[in-house]
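Listed below are the residues making up each chain.
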Amino acid sequence: MGFSNARGGTEAILAAERLVRRSGEEAGSDRIGLAQLIERMGLAVDRVMGEGGLWSPELAARALRQAEGDVMEAAQLLRAHRSSIPRLAYSEVASTDELRVIRRISSAFRNPPGRQLLGRTTDYVGRLLDLMPEDADAAEDAPHDHAHEHGHGHGHDEPVTTEDQDLRHPPRLIGLLREMDMVVERRPGADAGDPEPFDITRVPVRPGAPRSAVLAALARAETGALVNLWYAYTFSTVKHGHEIPGEVRHGWLPVKVAHPVTGRPVTVTEIRVTEVETIDDLDRPEEDRSRLDLGYGLCFGHNERKAIAMAGLDLLVHRDGGRTELEQRVLITLDGIEACGFLEHLKLPHYVDFRSLLDRKRAVRGSSADGGAR
């Protein structure tokens, strides 16, 4: 957003930029390395990638360091960089059936098909601040193998067993529910084919958009705003109870592109994603009360909080059916970069705007005084 009424102040602006650079250059501690951020602040790096809309741990860590830990500023840096990168290819449709899971839990089934895989989680850890002296945890800084923790596979001499393959690629819970004929079908019919996903990066999105647009907007939404909106509507007067996460999965998803010569799909990389399918009761008169509905969430990195809220809002938007402003809020107000951009611009000069406001107030006072004199 530009302002033609802002003039002068160039020297002060340049001096402010120098202060920002100097604060980093003159810091008393060593500069944080990118590998340190990726390994030690991985959840923050994942969140930057999700809200920035670009999978690149190194660039996200660089943005987080430049932004001095401000996740929203880092996401804005990453998204701005993303807009300057040419598209070299389009990936094939990814099936999350191929997800190599690191963690997979179900709140709905105690023993789901394929078993629970707890993985790394703080869900059962007391929220106690670690006050261990810095020199006492030096042993923790020693290099060790992170392969199993982060799902990068096995060591060179360790065989991959059938049991491990089954554990890393468990059957999907929705398949069991469909066999039980317990869920409504929201997928396009066979005659409808597979519609092209809505690209919110190229086409402005407005209410009435397809589900793919809603899911894309939720995937890039600011995590805090997303959770807040889901929480507010979940406990509103029009909503009773809450959905149950049927399956929460975190793992590595292969990305494939068509080979330029053969045209066959070729895996070029893997990205980590969090996927959630959440279950809700259908209890309205116009709904099929003999079945359940499922909401879906998928986002970059390990961000279960976001994926669960995303799946919940997917359900809420569908069941709302345009009755309220929920879809508009999801599509337009959850983008943290846009919201913060508007907020931040308020700090820029508004001299002409404020002068105009004062002139209008003086004119109102003048009119009132003239009327009273008559």
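That block above? That's the structure.
Residues numbered from 1 in each chain as written. Predicted model: local features only at pLDDT ≥ 70, side-chain atom pairs only at ≥ 80, totals over all residues. Heavy atoms only, no water.

### As for the overall build of the protein
Right, so step 1: For the protein, the count of helices and strands is 14 helices and four strands.
Right, so step 2: In the protein, which comprises 374 residues, the share counted as buried stands at 33%.
Right, so step 3: Residue pairs at least 24 apart in sequence account for 68% of intrachain contacts in the protein once pairs closer than 6 positions are excluded.
Right, so step 4: Carbon and sulfur atoms form 55% of the exposed surface of the protein, whose accessible area is close to 24200 Å². (Helix = DSSP H or I, 4+ residues; strand = E, 2+ residues; numbered from the N terminus. Buried < 20%, exposed > 50% of the residue type's maximum accessible area, 1.4 Å probe, protein only. Contact = heavy atoms within 4.5 Å. Areas by Shrake-Rupley, 256 points an atom, 1.4 Å probe, with all protein chains shown as cover.)

### What about helix 11 (residues 304–320)?
Right, so step 1: For helix 11, spanning 17 residues, the distance from its first C-alpha to its last is 24 Å, which sits close to the expected 24 Å at 1.5 Å a residue.
Right, so step 2: Along helix 11, 14 of the 17 residues are buried, which leaves the element largely enclosed by surrounding structure.
Right, so step 3: A positive backbone phi angle near 60° is found at Gly321, which sits one or two residues after helix 11. (Expected span 1.5 Å × (residues − 1).)

### Some remarks on the packing of aromatic side chains
Right, so step 1: Inspection of the entire model under this criterion finds three aromatic pairs.
Right, so step 2: Pairwise contacts between aromatic rings join Trp230, Tyr231 and Phe235 into one cluster.
Right, so step 3: The cationic tip of Arg272 hangs over the ring face of Trp252; the distance from NZ or CZ to the ring centre is 5.7 Å. (Phe/Tyr/Trp six-rings, centres within 6.5 Å; stacked < 30°, edge-to-face > 60°. Lys NZ or Arg CZ within 6 Å of the ring centre and 35° of its normal.)

### What to know about the environment of Pro197
Right, so step 1: Position of Pro197 among the secondary structure elements: in the loop between helix 8 (173–179) and helix 9 (211–220).
Right, so step 2: Taking the relative accessible area as the measure of exposure, Pro197 reaches 55% and is therefore exposed.

### A word on helix 13 (residues 336–345)
Right, so step 1: For helix 13, the complete set of buried residues consists of Gly336, Ile337 and His345. Burial along helix 13 is one-sided: seen end-on, the buried residues are contained in an arc of 155°. Within helix 13, the exposed residues directed more than 90 degrees away from the buried face are Glu338, Phe342 and Leu343.
Right, so step 2: Of the residues flanking the start of helix 13, the one acting as N-cap is Asp335, its side-chain oxygen 3.0 Å from the backbone nitrogen of Ile337. (Arc of directions from axis to C-beta. Polar contact = N/O pair within 3.5 Å; in protein donor to acceptor, adjacent residues only side chain to side chain.)

### Quick notes on the nonpolar core
Right, so step 1: Residues Leu218, Leu226, Leu229, Leu313, Leu326, Val330 and Leu334 are the most contacted members of the largest nonpolar core, which totals 24 residues.
Right, so step 2: At the level of secondary structure, the elements contributing two or more residues to this core comprise helix 9, helix 10 (223–234), helix 11 and helix 12 (326–333).
Right, so step 3: The leading source of residues in this core is helix 9, at six residues.
Right, so step 4: Apart from residues lying up to four places away in sequence, Leu326 is in contact with Leu229, Tyr233, Leu313, Leu316, Val317 and Asp320.
Right, so step 5: The next biggest cluster of nonpolar side chains, apart from the first, holds 15 residues, and it includes Ala44, Ala61, Leu64 and Ala67. (Core = buried A, V, L, I, M, F, W, Y, C linked by side-chain atoms within 4.5 Å.)

### What about the side chain of Arg65?
Right, so step 1: Summarising the element assignment, Arg65 is placed in helix 4 (residues 57–66).
Right, so step 2: Excluding anything up to four places from it in sequence, Arg65 contacts Arg31, Ile32, Gly33, Leu34 and Leu37.

### Some details on the side chain of Lys306
Right, so step 1: Looking at where Lys306 falls in the secondary structure, it is placed in helix 11.
Right, so step 2: Glu51 provides the closest opposite charge to the buried, salt-bridge-free Lys306, at an N-O distance of 4.8 Å.
Right, so step 3: In this structure Lys306 touches Gly50, Glu51, Leu218, Ala219, Arg220, Ala221, Thr223, Leu226 and Cys299, once residues within four positions along its chain are discounted. (Lys, Arg positive; Asp, Glu negative; His and termini not counted. Salt bridge = Lys/Arg side-chain N within 4 Å of Asp/Glu carboxyl O.)

### Description of the pattern of salt bridges
Right, so step 1: As enumerated under the stated definition, the model contains 28 salt bridges in all.
Right, so step 2: Across the salt bridge formed by Arg186 and Asp314, the nearest N and O atoms sit 3.7 Å from each other. Placement of the pair is Arg186 in the loop between helix 8 and helix 9 and Asp314 in helix 11, with a sequence separation of 128 residues.
Right, so step 3: The partly exposed category is assigned to Arg186, whose relative accessible area is 21%.
Right, so step 4: Taking relative accessible area as the criterion, Asp314 reaches 3% and is therefore assigned buried.
Right, so step 5: A salt bridge links Arg323 to Glu286; its shortest N-O distance comes to 3.2 Å. Of this pair, Arg323 sits in the loop between helix 11 and helix 12 while Glu286 sits in the loop between strand 3 (265–281) and strand 4 (292–300), placing them 37 residues apart in sequence.
Right, so step 6: The network of salt bridges with common partners includes Asp97, Arg104, Arg172, Glu247, Arg249, Glu275 and Glu277.

### Remarks on the sheet that holds strand 2 (residues 244–258)
Right, so step 1: With respect to topology, four strands assemble into an open sheet ordered 1-2-3-4, the strand pairing being antiparallel. Two strands lie at the open edges of the sheet, namely strand 1 (100–105) and strand 4, each paired on one side alone. Mean inter-strand twist for the sheet, computed between neighbouring axes without regard to direction, equals 25°.
Right, so step 2: Summarising the sheet, strand 3 and strand 4 pair through nine bridges and their orientation is antiparallel. Note on strand 4: the bridge partner recorded for Glu275 is Leu298. (Pairing = 2+ DSSP bridges. Axes fitted to C-alpha atoms, helices over the stretch in contact; angles between N-to-C directions.)

### Remarks on the packing of helix 9 against helix 11
Right, so step 1: It is the contact of helix 9 with helix 11, at a shortest axis distance of 10 Å, that shows an interaxial angle of 150°. The angle between helix 9 and helix 11 places the two elements in the roughly antiparallel class. For the element pair helix 9 and helix 11, the recorded crossing hand is right-handed. Contacts between helix 9 and helix 11 involve Arg211, Val214, Leu215, Leu218, Ala219 and Arg220 on the former and, on the latter, Lys306, Met310, Leu313, Asp314 and Val317.
Right, so step 2: Split by residue class, the contact of helix 9 with helix 11 holds seven nonpolar, no polar and four charged. (Parallel < 35°, antiparallel > 145°, perpendicular 65-115°, else oblique. Left-handed = near helix turned anticlockwise from the far one by under 90°. Nonpolar A, V, L, I, M, F, W, Y, C, P; charged D, E, K, R; others polar.)

This is a description of form; function is not addressed.
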